[in-house]
Amino acid sequence: MKELYLELINYIFDHCWQFYSETEKKAVNHHIGTRRFGKRKNLHPKLVEIRDRYITNDKAALNLLKNGYAEFITNTATRIYKDHKTELGLNLCPKCEKITRTPKAKQCRFCFFDWH
């Protein structure tokens, strides 16, 4: 299989959450939590509670992030594409057959064809 192109990777990663494994969901949340809270100290107790919902100690989830978030995105989208290609229901331009920006888009961002 040829490598997925960047637009398709981002589309799958952004719009195909139903195909994420539980471990991948934990990894995404961990990344969000570390971006939002970092190593901040003296957080308000309510913020600590919120932070603790995001941060994980799951070794499998942390292992998915070990080579960086960009590689995690690529690996996750590639796995979803391989495992669920026929179920994805990709929204492709009827003219140039490239991926649209969102599942409900009606205009191509590449050739600007409009099918409203």
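You'll find the structure just up there.
Residues numbered from 1 in each chain as written. Predicted model: local features only at pLDDT ≥ 70, side-chain atom pairs only at ≥ 80, totals over all residues. Heavy atoms only, no water.

(A) Focus on the pattern of salt bridges. Following the criterion strictly, the structure yields six salt bridges and no others. Residues Glu-24 and Arg-79 are paired through a salt bridge, measuring 2.8 Å at the closest nitrogen-oxygen approach. Residue Glu-24 is located in helix α2 (residues 22-37), and its partner Arg-79 is located in helix α5 (residues 69-84); the two are separated by 55 residues in the primary sequence. On the accessibility criterion, Glu-24 (6% relative accessible area) is buried. (Salt bridge = Lys/Arg side-chain N within 4 Å of Asp/Glu carboxyl O. Helix = DSSP H or I, 4+ residues; strand = E, 2+ residues; numbered from the N terminus. Buried < 20%, exposed > 50% of the residue type's maximum accessible area, 1.4 Å probe, protein only.)

(B) Up close: the environment of Pro-103. Counting through the fold element by element, Pro-103 comes out in the segment after α5. Residue Pro-103 is classed as partly exposed on the basis of its relative accessible area of 42%. The spacing of Pro-103 and Tyr-11 is 92 residues in sequence and 8.4 Å in space, taken between C-alpha atoms. Ignoring any residue separated from it by four or fewer positions in sequence, one finds Pro-103 in contact with Tyr-11, His-15 and Asn-91. (Contact = heavy atoms within 4.5 Å.)

(C) Region of the structure containing the side chain of Thr-100. Along the chain, the position of Thr-100 falls in the segment after α5. Exposure remark for Thr-100: the relative accessible area of 0% places this residue in the buried category. For Thr-100, the side chain forms a polar contact with the main-chain oxygen of Asn-91, separated by 3.0 Å. A distance of 2.7 Å separates a polar side-chain atom of Thr-100 from the backbone oxygen of Thr-102. Setting aside its immediate chain neighbours within four residues, Thr-100 contacts Tyr-11, Asn-91, Leu-92, Cys-93, Ala-105, Arg-109 and Trp-115. (Polar contact = N/O pair within 3.5 Å; in protein donor to acceptor, adjacent residues only side chain to side chain.)

(D) Region of the structure containing unusual backbone geometry. Positive phi values are uncommon outside glycine, yet Glu-97 reaches one of about 65°. Residue placement: Glu-97 occurs in the segment after α5. At Phe-112, a position not held by glycine, the phi torsion is positive, near 65°. Its place among the elements puts Phe-112 in the segment after α5.

(E) Expanded view of the packing of aromatic side chains. In the structure shown here, the tally under the stated rule is six aromatic pairs. Centroid distance Phe-13 to Tyr-69: 6.0 Å. Interplanar angle 85°. Geometry classified as edge-to-face. Here the residue Phe-13 occupies a position in helix α1 (residues 6-15), and Tyr-69 occupies one in helix α5, the gap between them amounting to 56 residues. Phe-13 gets classed as buried once you look at its relative accessible area, which sits at 7%. With 4.5 Å between their ring centres and 15° between their planes, Trp-17 and Tyr-20 make a pair best called stacked. By relative accessible area, which is 5% here, Tyr-20 ends up buried. Site record: aromatic cluster; members linked through ring pairs are Phe-13, Trp-17, Tyr-20, Tyr-69 and Phe-72. One Lys or Arg, Lys-98, reaches over the ring of Phe-110 and ends 4.9 Å from the middle of that ring. (Phe/Tyr/Trp six-rings, centres within 6.5 Å; stacked < 30°, edge-to-face > 60°. Lys NZ or Arg CZ within 6 Å of the ring centre and 35° of its normal.)

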